[in-house]
Amino acid sequence: MEYDVIVIGAGNAGLVSALTLQKKGKKVLILEKSKMAGGVSSSFKRGIFEFDISLSKLTNYGNEENKGEIFHLFDRLGISSKITMKELEHSFHIIDKEKKESYTFPVGIDNFIEQMEAYVPNSKVSMITFFGLAEEIRDAFNYYNEQQVKNTEDLYLKFPNFVQLAPCKTKEVLKKIGMPEKAIELLVATSLPEKNEDENFVSFALHLENSIKFPSVIPTLTSHEISSVLEKEFLNMGGKINYFKEVEEIEVENKMVKKVKTKDKSYLCNHVIANISPITVYCNLIKKEEVPKEAFGLQNSRDLGAKCITVYLGLNKSPKEIGLTKYQYIILNSLQSEKEFKKMNQIKNGNLYATIRNNGVEVSSREGTTEITLTSYFYGRDFEKEVNSSNYYEKKQEFAEFLIESFEASTNTSIKEYIEEIEIATPVTFNRYTSHPFGVVKGFNEKGYDNFLSRYFTEEKETFIKGLSFCGGFGSRASGYENTYLNGEEVANKVYEECMEK
Ligand SMILES: Cc1cc2nc3c(=O)[nH]c(=O)nc-3n(C[C@H](O)[C@H](O)[C@H](O)COP(=O)(O)OP(=O)(O)OC[C@H]3O[C@@H](n4cnc5c(N)ncnc54)[C@H](O)[C@@H]3O)c2cc1C
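Residues numbered from 1 in each chain as written. Predicted model: local features only at pLDDT ≥ 70, side-chain atom pairs only at ≥ 80, totals over all residues. Heavy atoms only, no water.

### Notes on the overall build of the chain
1) Next: Scanning the chain for helices and strands turns up 19 helices and 19 strands.
2) Next: For the chain, the C-alpha radius of gyration of 22 Å lies close to 23 Å, the compact-globule estimate for 502 residues.
3) Next: A principal-axis box enclosing the C-alpha atoms of the chain has dimensions of 60 × 55 × 45 Å.
4) Next: Per-residue burial for the chain yields a buried fraction of 59% across its 502 residues. (Helix = DSSP H or I, 4+ residues; strand = E, 2+ residues; numbered from the N terminus. Rg over C-alpha atoms; globule rule 2.2 N^0.38 Å. Buried < 20%, exposed > 50% of the residue type's maximum accessible area, 1.4 Å probe, protein only.)

### Let's talk about the pairing of strand β14 (residues 307-315)
1) Next: When you tally the buried positions in β14, you get 9 out of 9 residues, the bulk of the element.
2) Next: Burial along β14 is two-sided: Lys307, Ile309, Val311, Leu313 and Leu315 facing one way and Cys308, Thr310, Tyr312 and Gly314 facing the other are all buried.
3) Next: Here 6 bridges tie β14 to strand β18 (residues 419-425), and the two strands are oriented antiparallel to one another. Paired with Leu313 across the bridge in β18 is Ile422. (Pairing = 2+ DSSP bridges.)

### A look at the nonpolar core
One broad rule of soluble globular proteins: the nonpolar side chains tend to lie buried together.
1) Next: In terms of nonpolar packing, the biggest core is built from 61 residues, with Phe130, Leu174, Leu187 and Phe201 touching the most fellow members.
2) Next: Residue contributions to this core peak at 9 residues, all from helix α4 (residues 124-146).
3) Next: Leaving out residues up to four positions away in the same chain, Phe130 has contacts with Leu174, Ile177, Met179, Leu187, Phe201, Phe204, Ala205 and Leu208.
4) Next: Ranked by size, the runner-up nonpolar core spans 42 residues in total, among them Val16, Leu19, Leu77 and Leu486. (Core = buried A, V, L, I, M, F, W, Y, C linked by side-chain atoms within 4.5 Å. Contact = heavy atoms within 4.5 Å.)

### Here's the deal with the environment of Phe399
1) Next: Mapping Phe399 onto the fold places it in helix α16 (residues 392-411).
2) Next: Note on Phe399: relative accessible area 3%, which makes it buried.
3) Next: As for Phe399 and Val28, which are separated by 371 residues in sequence, their C-alpha atoms are 42 Å apart.
4) Next: If we skip the residues at most four places from it in the chain, Phe399 touches Ile309, Ile347, Lys348, Phe383, Glu386 and Val387.

### Brief notes about the sheet that holds strand β17 (residues 370-378)
1) Next: Read across the sheet, 7 strands follow the order β7-β6-β15-β16-β17-β14-β18 without closing on themselves; strand pairing throughout is mixed. The outermost strands of the open sheet, each flanked by one partner alone, are β7 (101-106) and β18. Taken pair by pair, the neighbouring strands of this sheet meet at an average axis angle of 15 degrees, ignoring direction.
2) Next: Against the sheet, helix α3 (residues 109-119) contacts β6 (90-96) and β7, and its axis sits at roughly 155 degrees relative to β7. (Axes fitted to C-alpha atoms, helices over the stretch in contact; angles between N-to-C directions.)

### Focus on the domain arrangement of the chain
How big an interface is tends to be stated in terms of the accessible area lost upon association of its parts.
1) Next: Under the domain assignment, the chain is made up of domain 1 (5-42 + 222-303 + 444-501), domain 2 (56-106 + 215-220 + 306-441) and domain 3 (108-213).
2) Next: Domain 1 puts 13 residues into the contact, and the matching count from domain 3 is 16 residues.
3) Next: Between domain 1 and domain 3, the buried area comes to about 1,200 Å², and carbon and sulfur atoms account for 57% of it.
4) Next: When residues of domain 1 are sorted by the area they lose upon contact with domain 3, Glu446, Leu453 and Phe457 head the list and together hold 46% of the total.
5) Next: Our count for the contact surface shared by domain 1 and domain 3 stands at 0 salt bridges.
6) Next: Seen at the junction of domain 1 and domain 3, the total is 3 residue pairs in polar contact (both at pLDDT 80 or more).
7) Next: At the level of elements, α18 (452-457) and α19 (481-501) are the ones that each hand at least two residues to the side of domain 1 that touches domain 3.
8) Next: With 4 residues, the single largest contributor to the side of domain 1 that touches domain 3 is α18.
9) Next: Considering only residue class, the side of domain 1 that touches domain 3 consists of 5 nonpolar, 3 polar and 5 charged. (Domains from an automatic or database assignment. Buried area = accessible area lost by both parts, 1.4 Å probe. Salt bridge = Lys/Arg side-chain N within 4 Å of Asp/Glu carboxyl O. Polar contact = N/O pair within 3.5 Å; in protein donor to acceptor, adjacent residues only side chain to side chain. Nonpolar A, V, L, I, M, F, W, Y, C, P; charged D, E, K, R; others polar.)

### A look at the site of the ligand
1) Next: Contacts to the ligand come from 36 residues, most closely from Glu32, Ser54, Ser56, His436 and Tyr481.
2) Next: The separation between an oxygen atom of the ligand and a polar main-chain atom of Ala13 is 2.9 Å.
3) Next: Contacts to the ligand include Val40, whose backbone N or O atom sits 3.0 Å from an oxygen atom.
4) Next: Burial of the ligand by the protein amounts to 94% of the accessible area it has alone, namely 1,000 Å².
5) Next: Counting residues per element, the ones that place at least two in the shell around the ligand are α1 (12-23), β14, α17 (427-434) and α19. (Near = heavy atom within 4 Å. Areas by Shrake-Rupley, 256 points an atom, 1.4 Å probe, with all protein chains shown as cover.)

### Let's talk about the pairing of strand β16 (residues 352-356)
Remember that side chains alternate between the two faces of the sheet whenever the strand is regular.
1) Next: Counted residue by residue, β16 has 5 buried out of 5 residues, so it is predominantly covered.
2) Next: Side-chain alternation along β16 places Leu352, Ala354 and Ile356 on one buried face and Tyr353 and Thr355 on a second face that is also buried.
3) Next: Strand direction decides the pairing type here: strand β15 (residues 328-332) and β16, joined by 4 bridges, are antiparallel. By the bridge assignment for β16, Ile331 is matched with Leu352.
4) Next: With 4 bridges joining them, β16 and β17 adopt antiparallel strand pairing. Following the sheet pairing, Tyr353 is matched in β17 by Thr375.

Structure follows, in structure tokens:
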């Protein structure tokens, strides 16, 4: 074999998997269909502006004195000193449109608890309990990950709360620990659009604690900075990336990977890591008769995650001149997460995430200008029903206008007349970039018992074809920068063990 492992796709997880394996002495080839690394973790230019395609904030990073898991991962990969990160001042800024109220939360657990007490008197004790439980959950996870031989019984003895909480819904637990309704609403609002009060508590607590405990960051030169540093490090270690090489087939024989094929070449290999959706792999890349029924069954049982419309705006006024003081605005119709989550079945649902990049990194664009991205997430099939090739541009404009006007009304600002550059991305755009089904940007939805926790603990049972692993937004940790980077390393470590078993 020319290569020990072939990675399909150079997104966040693919790059981390490839670099981890290359560093461990394996020979790795990445086949990437586009012309550069990063997937949606990249940037593009319009006029004098350079827009980040996707990153608003990288959670669980922290700083030299207070390192989060991603900082530690970047240390292990040898890249933390090669990227200039800028810490964000706040953990969340939420606008409740219905009540015309806004809430700003600081970084750090103690500060967060104090601020919640100021907004919701008598919430403090329950907030302390919440973060205590979140810490136990994190410790249980770390303990499980560090075990050479996985022993879940031991886990039950050491972390009893973790085990009791594993099947519980978020709101159920928050109510039980005596959290006032308003505090529950605010806490859950921070985790939309992926999680709502009905979802698994363990997954919710783990995610939220990481976002508050460590300052979130953004790279000064956009997420493309991280992707190109990962790419460079991988190449320096002797790895190889072939660009403009779309994988068209994974040849499988007797439930084992044999070859990977692009238009013009076949690569013999024993191990493939797919940084793309399992639906694409099982339906388009492997011959139907070679895909075990269970593999199709599992994918069919899962719901696709959120799609989005994102509007990238370059304005010829500074944030100060416009009256925008925060880095990110989480703009929600109301704080009732279950209601808002259901509303996200509509494209124009009114909930949106606005990032003012210059309020994170002042020099993101020239003095006197502002870069804004407005993203609205939605679920379901309305987009495919409503939009077709003849009305695409008209619809795209209609969605963008709706988002711009919603943003202006919620922040009491006026931006329309200052627009110098505008770009609108839809599920069609993201599908073209990533090939993910229907242009989904958030992997598979977590629902009921099919959540991060259960996927994580039963991951091995999801191997249906020997030598084929998945990483990235459709992997066990689901989507997001933090999750895809961590998942990339975890998958690489498992594949390394498999390579060594041979
Ligand atoms: C608008 C937007 C905003 C977001 N905001 C945030 C945020 O603020 N914070 C956060 O944590 N997360 C955010 N996310 C989510 C985050 O960006 C993604 O979860 C993450 O980047 C996905 O990484 P991945 O490893 O799954 O790879 P992907 O980015 O999905 O990359 C997959 C790669 O595979 C390649 N590929 C596909 N098919 C083939 C093939 N057949 N052959 C070869 N190559 C192929 C593609 O070209 C691509 O490079 C956002 C996403 C979007 C779209």
